[in-house]
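Reading the structure
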Amino acid sequence: MIVLAAGEGTRMKSSLHKVLFPICGRPMVDYVLDAAGSLGPERIVVVVGHKGEEVKDTILRAWPGAQDTVRFAWQHQRLGTAHAVMSARESLPEGDPDVLIMYGDTPLVTGDLLLRFVQSHERSGAPISVMTATPQDPGPYGRIVRNDEGHVVRIVEARDLRPEERHLSEVNAGIYYCRASLLYSLLERVDNNNAKGEYYLTDIIRLASEAGLPVNGFYCDDFSLVQGINDRWELAAAESIKRESILRDLAISGVTVRDPESTYVDFGVKVGPGTVLEPNTYLRGETSIAEDCVIGPGTELFDTKVGRGSKVWMSVVENSDVGEEVQIGPFSHIRPNTTLEKNVLVGNFAEIKNSVIGSGTKVHHHSYLGDSDVGQGVNIGAGTVTVNYDGIRKFRTIIQDGAFIGCNANLIAPVTIGKGAYIAAGSTITDDVPERSLAIARERQVVKEGWVDRRKQN
Ligand code: UD1
Ligand code: CA
């Protein structure tokens, strides 16, 4: 099996390699490898060239099974798709009778479609098969030319179309299956005598047919599965198809998706049944949400786990662990490495970072907790701030079970507030407070009676 991914993808106008562009949070090429891998090949040879190291590293890091199955072949000069397949020759397993070839920029292809293609190839008895489809606008695709009996005889690239070929609407989907022994003998005869001056893989169809060999044309009646991505508008179109399919799968598994138009869920995100995704919700990266939660409206979660029955409303949560029956929001920001235990309430302009908040604790109204270990049943008053940073180093604040932090308190870390202790509103706490004590650290109020009238007389 060969996947071509060496091209420069100039139409993306990007320094990121085309096949690494994310679609629903995942590199495009990984979807192609999923489809290819579902056929259980012994080996998948990915042809790399332009930014090859980056492509290789990403596949090895992100695609499960890459270590066992994928080998990389280098195409040092980009002389065309036929030349790219040539470059894979040495890396193919010996004795594989047939080779499946596909392009790394066709991410909507499914394993099921590939299976039907391979089965059709086998049934046909032809030594070579090519997949075709009919898009609304054949635009940049290679056109399929059939003879009077309806057999595929050649492919004409869009730039090489002659006027009398302009009406052709069936296109080359870019997926081929060929007897290995035949493939390389055909490739050796491909020339670069065309508009682009490239060695076109598509020419093997004409060469086979001229040699009197039957070509099996497999028609895919759903063009959306085989559309290629060459520019960012096609990328957007593919992403919207993929996004819809992710949302559909969630809905069928029992998740309410209130507004599919404004809901964005990355590939691989898990959402339990009974959960409601409200409009304007983004679930990204390695996020998982248990059953019976309400997420959104207006919420973005990155790499976050949310327990059963929780509600996250108009808020952002990054790389954190949210327990069961927790409520967050509206308008809060939970930053990386935070754990909110069961029944925690966080809301109305609260920010929490790198902290553990014990069960039943309430963190409301304009507060900031950073680098803090907060026990159970603690009350964090409005405007509480942990002063965790002295400009050079960061320190932890410890607030033990049942403590009560009055409004507008500054807790200058490192500092420990003991179990059940009270901090008076407006205090700036610099020293540890023992269990069950009251700490007041503020100026005593002075009242000057009649001051206003005296001032006016002067
Ligand atoms: C190609 C087909 C076209 C088909 C379309 C389907 C050829 C000549 N044309 O056109 O008939 O309708 O795909 O999507 O094959 N690549 C390399 N090395 C190279 C050139 C390209 O590895 O030297 C890789 C690219 O990274 C890409 C794939 O091959 O993944 C296809 O190349 P691209 O330039 O996108 O071909 P299209 O113009 O789309
Ligand atoms: Ca392409």
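Keep in mind it's a predicted model, so treat the numbers as computed, not measured.

Attention now moves to the domain arrangement of the chain. Under the domain assignment used here, the chain contains domain 1 (2-225) and domain 2 (232-439). Using C-alpha coordinates to define each centre, domain 1 is positioned 46 Å away from domain 2. Across the boundary between the two partners, domain 1 contributes 14 residues, which contact eleven residues of domain 2. Both sides of the domain 1 and domain 2 interface together cover about 1,100 Å² of buried area, and 69% of this is carbon and sulfur. In terms of surface lost to domain 2, no three residues of domain 1 exceed Met12, Cys24 and Leu108, which account for 47% of the buried area on that side. Connecting domain 1 to domain 2 are zero salt bridges. Counting every contact that joins domain 1 to domain 2 gives four residue pairs in polar contact (both at pLDDT 80 or more). When residues of the side of domain 1 that touches domain 2 are traced back to their parent elements, those giving at least two are strand E2 (22-23) and helix H1 (28-37).

To continue, consider the coordination of the calcium ion (ligand 2). At the metal site, the calcium ion (ligand 2) is ligated by Asp105 (OD) and Asn230 (OD1), and these contacts range over 2.3 to 2.4 Å. Of the two residues, aspartate 105 is situated in the loop between strand E6 (98-103) and helix H5 (111-124) and asparagine 230 in the loop between strand E11 (215-219) and helix H8 (232-252); the sequence distance between them amounts to 125 residues. Of the two residues, aspartate 105 and asparagine 230, both sit in the buried class.

A separate point is the environment of threonine 416. Along the chain, the position of threonine 416 falls in strand E38 (residues 415-417). The spatial distance from the C-alpha of threonine 416 to the C-alpha of arginine 335 is 22 Å, given a sequence separation of 81 residues. If we ignore the near neighbours within four places in the chain, the residues touching threonine 416 are Ile398, Gln400, Asp432 and Val433.

Before going further, it helps to spend a moment on the nonpolar core. The biggest cluster of nonpolar side chains holds 54 residues, and the ones touching the most others in it are Leu340 and Ile417. It is H8 that contributes the most residues to this core, five residues altogether. Of the residues that make up this core, three or more belong to each of domain 1 (2-225) and domain 2 (232-439). In this structure, leucine 340 is in contact with Asp321, Val322, Gly323, Val326, Ile328, Ile334, Val346, Ile352 and Ile357, ignoring residues within four places of it in sequence. Judged by nonpolar contacts, the second largest core, of 38 residues, contains Ile59, Trp63, Leu113 and Tyr141.

Spatially, E12-E15-E18-E21-E24-E27-E30-E33-E36-E39-E41 is the arrangement adopted by the eleven strands of the open sheet, whose pairing is parallel. Strand pairing shows two members of the sheet lacking a second neighbour, strand E12 (256-257) and strand E41 (438-439), which therefore form its edges. Across two bridges, E12 lies against strand E15 (residues 276-277) in parallel orientation. Bridge assignment links threonine 256 to a residue of E15, and that residue is valine 276.

As for its placement among the helices and strands, valine 306 is situated in strand E20 (residues 305-306). Sequence separation of valine 306 and alanine 424 is 118 residues, and the distance between their C-alpha atoms is 34 Å. Setting aside residues no more than four positions away along its own chain, valine 306 makes contact with Ser288, Ile289, Ala290, Cys293, Ile295, Leu301 and Val322.

A few words on the packing of aromatic side chains. On inspection of all chains with the given rule, the structure shows eight aromatic pairs. Between tyrosine 31 and phenylalanine 267, the ring centres sit 5.3 Å apart and the planes meet at 85°, which makes this aromatic pair edge-to-face. Residue tyrosine 31 is located in helix H1, and its partner phenylalanine 267 is located in the loop between strand E13 (263-265) and strand E14 (270-271); the two are separated by 236 residues in the primary sequence. A relative accessible area of 4% means that tyrosine 31 is categorised as buried. Here phenylalanine 267 falls in the partly exposed class, since its relative accessible area comes to 37%. Between phenylalanine 117 and tyrosine 177, the ring centres sit 6.5 Å apart and the planes meet at 70°, which makes this aromatic pair edge-to-face. One end of the pair, phenylalanine 117, is in helix H5; the other, tyrosine 177, is in strand E10 (residues 171-179), and 60 residues separate them in sequence. Of the two residues, phenylalanine 117 and tyrosine 177, both sit in the buried class.

A few words now on unusual backbone geometry. With an omega of 0°, the peptide bond between glycine 296 and proline 297 qualifies as cis. Tracing the chain through its elements places proline 297 in the loop between strand E18 (294-295) and strand E19 (299-302). Even without glycine at this site, phenylalanine 331 takes up a positive phi of about 65°. With respect to the helices and strands, the residue phenylalanine 331 is situated in the loop between strand E24 (327-328) and strand E25 (333-334). Unusually for a residue other than glycine, asparagine 348 sits at a positive phi of about 60°. When you line up the elements, asparagine 348 lands in the loop between strand E27 (345-347) and strand E28 (351-353). Looking at asparagine 348, the relative accessible area reads 29%, which means it is partly exposed.

Rules used in this analysis
- Residues numbered from 1 in each chain as written.
- Chains lettered and ligands numbered in written order.
- Predicted model: local features only at pLDDT ≥ 70, side-chain atom pairs only at ≥ 80, totals over all residues.
- Heavy atoms only, no water.
- Domains from an automatic or database assignment.
- Contact = heavy atoms within 4.5 Å.
- Buried area = accessible area lost by both parts, 1.4 Å probe.
- Salt bridge = Lys/Arg side-chain N within 4 Å of Asp/Glu carboxyl O.
- Polar contact = N/O pair within 3.5 Å; in protein donor to acceptor, adjacent residues only side chain to side chain.
- Helix = DSSP H or I, 4+ residues; strand = E, 2+ residues; numbered from the N terminus.
- Donors = N, O, S within 2.8 Å, 3.2 Å for Na, K, Ca; no water.
- Buried < 20%, exposed > 50% of the residue type's maximum accessible area, 1.4 Å probe, protein only.
- Core = buried A, V, L, I, M, F, W, Y, C linked by side-chain atoms within 4.5 Å.
- Pairing = 2+ DSSP bridges.
- Phe/Tyr/Trp six-rings, centres within 6.5 Å; stacked < 30°, edge-to-face > 60°.

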